[in-house]
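Examination of the molecular architecture
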Amino acid sequence: MAETDTIIIEAGRAERQYWRDLWRYRELFAFFVWRDLLVRYKQTVVGVSWSLIRPLLTMLVLTVVFGRLGKMPAGGVPYPLLVLCGMLPWQFFSNSMNESSNSLISNASMVSKVYFPKLVMTVSTIMVNLADFLISVAFLAVLMIWYHYPPTLEVLALPFFVLLMIGASIGVGLWVAALMVEYRDFRFIIPFVVQFGLYLSPVGFQSSVVPAKFRLLYALNPMVGIIDGFRWSLLGAKGGIYLPAVAISIINTILLIVSGIWYFRKTERTFADII
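As a starting point, this report considers the structure included with it. (Residues numbered from 1 in each chain as written. Predicted model: local features only at pLDDT ≥ 70, side-chain atom pairs only at ≥ 80, totals over all residues. Heavy atoms only, no water.)

Re the nonpolar core
Our working rule: Throughout this description, the term nonpolar core refers to a set of buried Ala, Val, Leu, Ile, Met, Phe, Trp, Tyr and Cys residues connected via side-chain atoms within 4.5 Å. Here's how the labels work: a residue is buried when its accessible area is under 20% of the maximum for its type, exposed when over 50%, partly exposed in between, all with a 1.4 Å probe on protein chains only. By the criteria applied, helices consist of DSSP H or I runs no shorter than four residues and strands consist of E runs no shorter than two, each listed in order from the N terminus. Note on definitions: a residue-residue contact is assigned when non-hydrogen atoms from the two residues lie within 4.5 Å.
Counting 71 residues, the largest nonpolar core has L81, W90, L104, L140, M165, F230 and F264 as the members making the most contacts within it. Elements that contribute at least two residues to this core include exactly α3 (50-69), α4 (79-101), α6 (119-127), α7 (129-146), α8 (158-182), α9 (186-200), α11 (222-235) and α12 (243-268). Here the element with the most residues in this core is α8; it accounts for 15 residues. Filtering out sequence-adjacent residues up to four positions away, L104 remains in contact with V111, K118, M121, T122, A177, V181, F264, F271 and I275.

Pasting the structure below:
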């Protein structure tokens, strides 16, 4: 009697296989990062210098608007330093939101024809922004030397806030990437959110200028605690930190990551059909 193969259908097996596939496709993740880096900097006139020019120009504009014209308090910190420390996490977050929105749409043929965890593509797009972030950090180091403002022991907490920044960016990026596949109108909404968020977040000013009765409400913006943490880590006590805002940012980041993965996985099954 001929032997027959037995197929066992086990509930949840496909889901567990997906997370194993994320590890199996780690080389594809590295390829996407390398490819996007080459596309960003290859055959460009300004090249890597643009990663310095953009934060420099934004820093100058915000310093004039909030420091010179708005007369915002700086707590004894040179205002350009105050602004640049706030710009580091915001620039990473806003770039991640912009670029993750097109991460699936711009690779539609690959998404619809080849199997791989699509989460790899979106997260790799976000991680490419670490290159610009590190260049901006180098520029900040030069500026701190120029102003004779050495970092204090609080700088040891900086890696924690970097991880928080990356986590919030990934959480929002997953939401935006999945929504963009289903609703193409989001390409008009995202630039508005990014531009509005620059002034709603404490990039050009300290969050301490917000009245005390509104600070908890203001801290619901997940970038408030992250930006405050960056300033405190790099500038010490003068940078100012509002611990409830940091706690809220941690909770918001966790919620963004969990809900972002949930919604991305929920809609990923239909990407190939509607992209």
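Details of the packing of aromatic side chains
The condition is simple: Stacked, edge-to-face and tilted labels apply to pairs of Phe, Tyr and Trp rings (six-membered ring for Trp) whose centres lie within 6.5 Å, assigned for plane angles under 30 degrees, over 60, and everything in between, in that order.
Applying the stated rule across the entire model yields 12 aromatic pairs. With 4.6 Å between their ring centres and 10 degrees between their planes, W175 and Y263 make a pair best called stacked. Highlighted residues: W175 in helix α8 and Y263 in helix α12, separated in sequence by 88 residues. Residue classification places W175 among the partly exposed residues on the basis of a relative accessible area of 24%. Here Y263 falls in the buried class, since its relative accessible area comes to 10%. A ring pair is formed by F192 and F196, whose centres lie 5.9 Å apart and whose planes are at 10 degrees; its orientation type is stacked. Of this pair, F192 and F196 both sit in helix α9, 4 residues apart, roughly one helical turn. You can call F192 exposed: its relative accessible area is 57%. In textbook terms, an aromatic cluster arises when at least three aromatic residues are bridged by ring pairs, as seen for F31, F32 and F116.

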